[in-house]
2 protein chains.
Amino acid sequence: MPPLKINHVAIVVEDVNAALSFWRDALGLPLHHLEHNESEAVDIAFLPVGEGEIELIAPFTEDSGVAKYLAKKGAGLHHICLEVENIEEAIARITAGGGEMINAEARTRSDGTRYAFVHPKSTGGVLLELYEVKP
Amino acid sequence: MPPLKINHVAIVVEDVNAALSFWRDALGLPLHHLEHNESEAVDIAFLPVGEGEIELIAPFTEDSGVAKYLAKKGAGLHHICLEVENIEEAIARITAGGGEMINAEARTRSDGTRYAFVHPKSTGGVLLELYEVKP
């Protein structure tokens, strides 16, 4: 079963409000909601487009993973997320094909979404997230 | 009128066939077609997913724009493309909002698709392409 769709494209920015002045105000995407995520120390803006979403992510501390990424690489595209029907099957296929997972087993977010990241060295340099979204 | 959908996510890779061993063979995306694009000196693999596409792009010369990007930044996410209903209206909104276009006027590909790139300094570091796709 191939992945179903692009769930989101995540962009790391210095400041969510500054980024919204482009993505919402000038480009015209609707802002669905803002999230202040304490566990990952980031603010996130969710902007739906078609069947997917653009996520603008800004760290609010200097020592989180995202903050270090921003300091090292600068603002820009961070990862993409594809939705799959069955995340165990997807992980098994990737591993059988010689791909390397960051999360060898799916993890679960507080909203019930199960996810796992594929290592960029297996994808051609792209941090790839897989989601299994429960209906 | 907000953008309609994510048309594609473009990934720059060293070698399209090597990248297909992950994106097609392990992840399971269908390969729609391969394009040998002489004008931009790149090979492109088009892999549909949902209403959008993943594009794997590899330069076949060393002096193209994409080749220089790859040499400088390494393989990874290159740009995203959002589909809009009216590209002149989108460019006008972005410009009125203080955004800077790489292409101040829409250009036209051989298949009739009209496109324009927004400068990364306006988007939070993301090279953003806009498409107006004729039905």
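Residues numbered from 1 in each chain as written. Chains lettered and ligands numbered in written order. Predicted model: local features only at pLDDT ≥ 70, side-chain atom pairs only at ≥ 80, totals over all residues. Heavy atoms only, no water.

Here we look at the interface of chain A and chain B
Step number 1: Tallying the contact residues gives 41 residues for chain A and 41 residues for chain B.
Step number 2: Here chain A packs against chain B, burying approximately 3100 Å² in sum over the two surfaces, 74% of which is carbon and sulfur.
Step number 3: The interface formed by chain A and chain B includes 0 salt bridges.
Step number 4: At the junction of chain A and chain B, the tally comes to 11 residue pairs in polar contact (both at pLDDT 80 or more).
Step number 5: Where the side of chain A that touches chain B is concerned, the elements lending two or more residues are β1 (5-12), α1 (16-26), β4 (52-59), β5 (76-83), α3 (87-96), α4 (120-123) and β8 (128-132) of chain A.
Step number 6: Examining the composition of the side of chain A that touches chain B, we find that 6 residues originate from one element, β5(A), more than from any other. (Contact = heavy atoms within 4.5 Å. Buried area = accessible area lost by both parts, 1.4 Å probe. Salt bridge = Lys/Arg side-chain N within 4 Å of Asp/Glu carboxyl O. Polar contact = N/O pair within 3.5 Å; in protein donor to acceptor, adjacent residues only side chain to side chain. Helix = DSSP H or I, 4+ residues; strand = E, 2+ residues; numbered from the N terminus.)

Some details on the environment of T95(A)
Residues and elements named next belong to chain A.
Step number 1: Counting through the fold element by element, T95 comes out in helix α3.
Step number 2: Under the relative-accessibility criterion, T95 is labelled partly exposed at 47%.
Step number 3: A distance of 2.8 Å separates the side chain of T95 from the backbone oxygen of I91, its partner in a polar contact. (Buried < 20%, exposed > 50% of the residue type's maximum accessible area, 1.4 Å probe, protein only.)

Thoughts on the domain arrangement of chain A
Many authors give the size of an interface as the accessible area that is lost as the parts come together.
Residue and element names in this part refer to chain A.
Step number 1: According to the domain assignment, chain A contains domain 1 (7-79) and domain 2 (84-135).
Step number 2: The interface of domain 1 with domain 2 comprises 5 residues on the first partner and 6 residues on the second.
Step number 3: Buried area between domain 1 and domain 2, summed over both chains or domains, comes out near 410 Å², and the portion from carbon and sulfur atoms is 57%.
Step number 4: When residues of domain 1 are sorted by the area they lose upon contact with domain 2, N7, H8 and H79 head the list and together hold 73% of the total.
Step number 5: In this assembly, domain 1 and domain 2 are joined by 0 salt bridges.
Step number 6: Counting across the interface, domain 1 meets domain 2 through 2 residue pairs in polar contact (both at pLDDT 80 or more).
Step number 7: Every element with two or more residues in the side of domain 1 that touches domain 2 is listed here: β1 and β5.
Step number 8: Class assignment for the residues of the side of domain 1 that touches domain 2 results in no nonpolar, 4 polar and 1 charged. (Domains from an automatic or database assignment. Nonpolar A, V, L, I, M, F, W, Y, C, P; charged D, E, K, R; others polar.)

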